[in-house]
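What follows is each chain in one-letter form.
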Amino acid sequence: MPRRSPVASRTSVFSESVIREMTRLAFQHGAINLAQGFPDFPAPDFVKRAAVEAIEADVNQYAITWGDPRLRAAIAAKSRRHYGLELDPEREVTVTCGATEAMMAAMLAFVEPGDEVVVFEPFYENYVPDAAMSGAVLRFVTLRGPDFAFDPDELRAAFGPRTKAIIVNSPNNPSGKVFDRAELRQIAALCQEFDCLCFTDEIYEHILFDGRAHVPMATLPGMEERTVAIGGLSKTFSVTGWRIGYVLAPPPLSEAVRKVHDFLTVGAPAPLQRAAAVAIERGDGYYPELRAMYEGKRDRLLVALREAGFACHKPAGAYYVMAAFDGLGFDGDDTAFALHLIERAGVAPVPGSSFYRDAEAGARFVRFTFSKSDATLSEAARRLAAL
Ligand code: GLN
């Protein structure tokens, strides 16, 4: 080993993904993995067939760096149909390797070291490494109470002259919160007052419950010009391993994202981009099925968790439940509880602290995903009941 530390300090402020570590532990102990949010059931046939056909048709070389034209056209057409957004697929849509690359590319494209980025907590764990690698200083605003609400004064106090952007993830991972129009309006007003960008993580746009509708930030007055919207196929079409995501932003912002994306990854897998185009072109008939399926899974997991003694709020969207375990009489923190659950019950959750800056704030919670087959959820329920 070299005598000086060979490791760059930017890697020292974050650790390996806790979510993926829980997956490893689940595997090691033969536990049911309700930790990592990915489906254990098949992707839709029409989507898989399109991928096979693309490979056989030899769509096997680099796509255009910023995305297969047919996929960009499909994304733009869908944004118009669903949300009334007018996007130019040539200049405002960039395809990336998953929403993960999309968010990292956005941070690298817009954030100067020392710039501040506002983020709600509990947050998706990626935003911390995204900030560390781009040099952003995160300013946290805590969502509180059973419905994960923010205090408007606390939100305003997080903005200042160094604020470059705010990250809004709705439907939210891990809380299941869906920001309503009034909340989005308050955020939008601050973005305009402080002249900053809004990075939206809309990966769960089609997983919404109880008749709710998704409201993209870019549809609010004055926000299209300052919104960098991130989406992807992983959750909607149950293809998390395909790594197909995208960034939607006005031309000058898209240009900067495209430059970063080009040198980070060149492009997402070409045949899977073609299949993604087919998925989105034909998706409108499928989205209602997807919602209904996940609504059923949500209700099934909620019943199991409540019967096992967890206190949890009903998620409005996405496919996770934050569950408080203080009713279970366990003496220890969230990480100890997660390990206990893996080893003793054979069910793996994610410790709540991985979604909070201050570990203490998440110490009463673990997160479970319900993106699993009904058979997996029933077996998990059986194991939890035996706790
Ligand atoms: N988005 C998924 C989750 O939150 C998977 C994340 C990951 O693999 N780190 O569980």
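Preceding this section is the structure that the text describes.
Structure report, in brief. (Residues numbered from 1 in each chain as written. Predicted model: local features only at pLDDT ≥ 70, side-chain atom pairs only at ≥ 80, totals over all residues. Heavy atoms only, no water.)

Side note on the pairing of strand β4 (residues 137–142)
For strand β3 (residues 116–121) and β4, the ladder comprises six bridges, and the chain directions are parallel. In the strand pairing of β4, Val118 is matched with Arg139. Traced from β3 through helix α5 (residues 127–134) to β4, the parallel crossover comes out right-handed. (Pairing = 2+ DSSP bridges. Helix = DSSP H or I, 4+ residues; strand = E, 2+ residues; numbered from the N terminus. Right-handed = clockwise from strand over helix to strand, strands pointing away.)

Focus on α5
With six of eight residues buried, α5 lies mostly within the body of the structure. Here the buried face of α5 lies against α4 (98–110), β3, β4, β5 (163–169) and β6 (197–201). Positive backbone phi, at 85°, marks Gly135, one or two positions downstream of α5. (Buried < 20%, exposed > 50% of the residue type's maximum accessible area, 1.4 Å probe, protein only. Contact = heavy atoms within 4.5 Å.)

Concerning the pairing of β3
Taken across its six residues, β3 has six buried, putting it largely inside the fold. Residues of β3 alternate between two faces, with Glu116, Val118 and Phe120 on one and Val117, Val119 and Glu121 on the opposite face, all of them buried. Pairing of β3 with β5 involves four bridges; the strand directions are parallel. From the neighbouring strand, Glu116 faces β5, where its bridge partner is Thr163.

Describing the layout of surface pockets
Considering only enclosed or pocket space, the largest pocket measures out at about 1000 Å³ in volume. Elements represented by at least two residues in the lining of the largest pocket include exactly α1 (18–29), α4, α5 and β4. At seven residues, the largest contribution of residues to the lining of the largest pocket is made by α5. Grouping the amino acids of the lining of the largest pocket by side-chain chemistry returns 23 nonpolar, 13 polar and nine charged. (1 Å grid on protein atoms, 1.4 Å probe; cavity = no way out; pocket = protein on both sides within 12 Å on 5 of 7 lines; lining within 4 Å. Points joined across faces, edges and corners; volume = space filled by probe spheres on them. Nonpolar A, V, L, I, M, F, W, Y, C, P; charged D, E, K, R; others polar.)

Considerations on the site of the ligand
Taken together, 13 residues lie around the ligand, and Arg20, Gln36, Gly37, Asn173 and Arg367 are the ones closest in. Lys235 is positioned such that a nitrogen or oxygen atom in its side chain is 2.9 Å from a nitrogen atom of the ligand. At 3.2 Å, a side-chain N or O of Tyr320 approaches an oxygen atom of the ligand. Burial of the ligand by the protein amounts to 92% of the accessible area it has alone, namely 300 Å². (Near = heavy atom within 4 Å. Polar contact = N/O pair within 3.5 Å; in protein donor to acceptor, adjacent residues only side chain to side chain. Areas by Shrake-Rupley, 256 points an atom, 1.4 Å probe, with all protein chains shown as cover.)

As for the packing of aromatic side chains
All chains considered together, the criterion is met by 24 aromatic pairs. Between Phe123 and Phe140 the ring centres are 5.4 Å apart and the planes differ by 35°, which places this aromatic pair in the tilted class. Linking Phe123 in the loop between β3 and α5 with Phe140 in strand β4, this pair joins segments that are 17 residues apart in sequence. Residues Phe209 and Phe370 carry aromatic rings whose centres are separated by 6.1 Å and whose planes lie at 45° to one another, so their mutual orientation is tilted. On the criterion of sequence distance, the pair formed by Phe209 in the loop between β6 and β7 (227–232) and Phe370 in the loop between β13 (365–369) and α12 (374–385) is long-range, its members being 161 residues apart. An aromatic cluster is built from Phe41, Tyr204, Phe209, Tyr294, Tyr319, Tyr320 and Phe370, whose rings are joined through pairwise contacts. The aromatic ring of Phe179 is capped on one face by Lys177, whose charged end is 4.9 Å from the ring centroid. The side chain of Arg364 reaches across the aromatic face of Phe365, ending 5.1 Å from its centre. (Phe/Tyr/Trp six-rings, centres within 6.5 Å; stacked < 30°, edge-to-face > 60°. Lys NZ or Arg CZ within 6 Å of the ring centre and 35° of its normal.)

Thoughts on the nonpolar core
Membership of the largest hydrophobic core comes to 127 residues, with the highest contact counts inside it found for Phe199 and Phe310. Excluding its chain neighbours within four sequence positions, the residues that come into contact with Phe310 are Leu305, Ala323, Ala324, Phe325, Leu328, Phe337, Leu341, Val366, Phe368, Leu384 and Leu387. (Core = buried A, V, L, I, M, F, W, Y, C linked by side-chain atoms within 4.5 Å.)

Things to note about the sheet that holds strand β9 (residues 311–312)
The strand order across the open sheet built from four strands is β9-β10-β13-β12, with neighbouring strands paired in antiparallel fashion. Two strands bound the open sheet, and with one partner strand each, they are β9 and β12 (350–351). Summarising the sheet, strand β10 (residues 320–324) and β13 pair through five bridges and their orientation is antiparallel. In the strand pairing of β13, Met322 is matched with Arg367. In this fold helix α10 (residues 287–307) packs onto β9, β10 and β13, with an angle of close to 10° to the strand it touches most, β10. Contacts from helix α11 (residues 334–345) reach β12 and β13, with the element oriented near 45° to β13. (Axes fitted to C-alpha atoms, helices over the stretch in contact; angles between N-to-C directions.)

As for the environment of Val52
In this fold, Val52 is placed in helix α2 (residues 45–56). Val52 sits in the partly exposed class, given a relative accessible area of 46%.

Here's the deal with the side chain of Thr227
The residue Thr227 is located in strand β7 in this model. Accessibility expressed as a relative area gives 2% for Thr227, which makes it buried. Separated by 2.6 Å, the side chain of Thr227 and the backbone oxygen of Met223 make a polar contact. With residues up to four places along the chain from it excluded, the contact list for Thr227 reads Cys198, Thr200, Met217, Ala218, Leu248, Ala249 and Pro250.

Details of the pattern of salt bridges
Enumeration according to the criterion identifies 23 salt bridges in this entry. Residue Asp299 pairs with Arg298 through a salt bridge whose shortest N-O separation is 2.9 Å. Its relative accessible area of 0% is what places Arg298 among the buried residues. Ionic pairing is found between Arg364 and Asp326, a salt bridge with its closest N-O pair at 2.6 Å. Pair noted here: Arg364 is in the loop between β12 and β13 and Asp326 is in the loop between β10 and α11, with a separation of 38 residues, a long-range link. For Arg364, a relative accessible area of 42% gives the class partly exposed. Its relative accessible area of 46% is what places Asp326 among the partly exposed residues. Through salt bridges with shared partners, a single ionic network connects Asp210, Arg212, Arg298 and Asp299. (Salt bridge = Lys/Arg side-chain N within 4 Å of Asp/Glu carboxyl O.)

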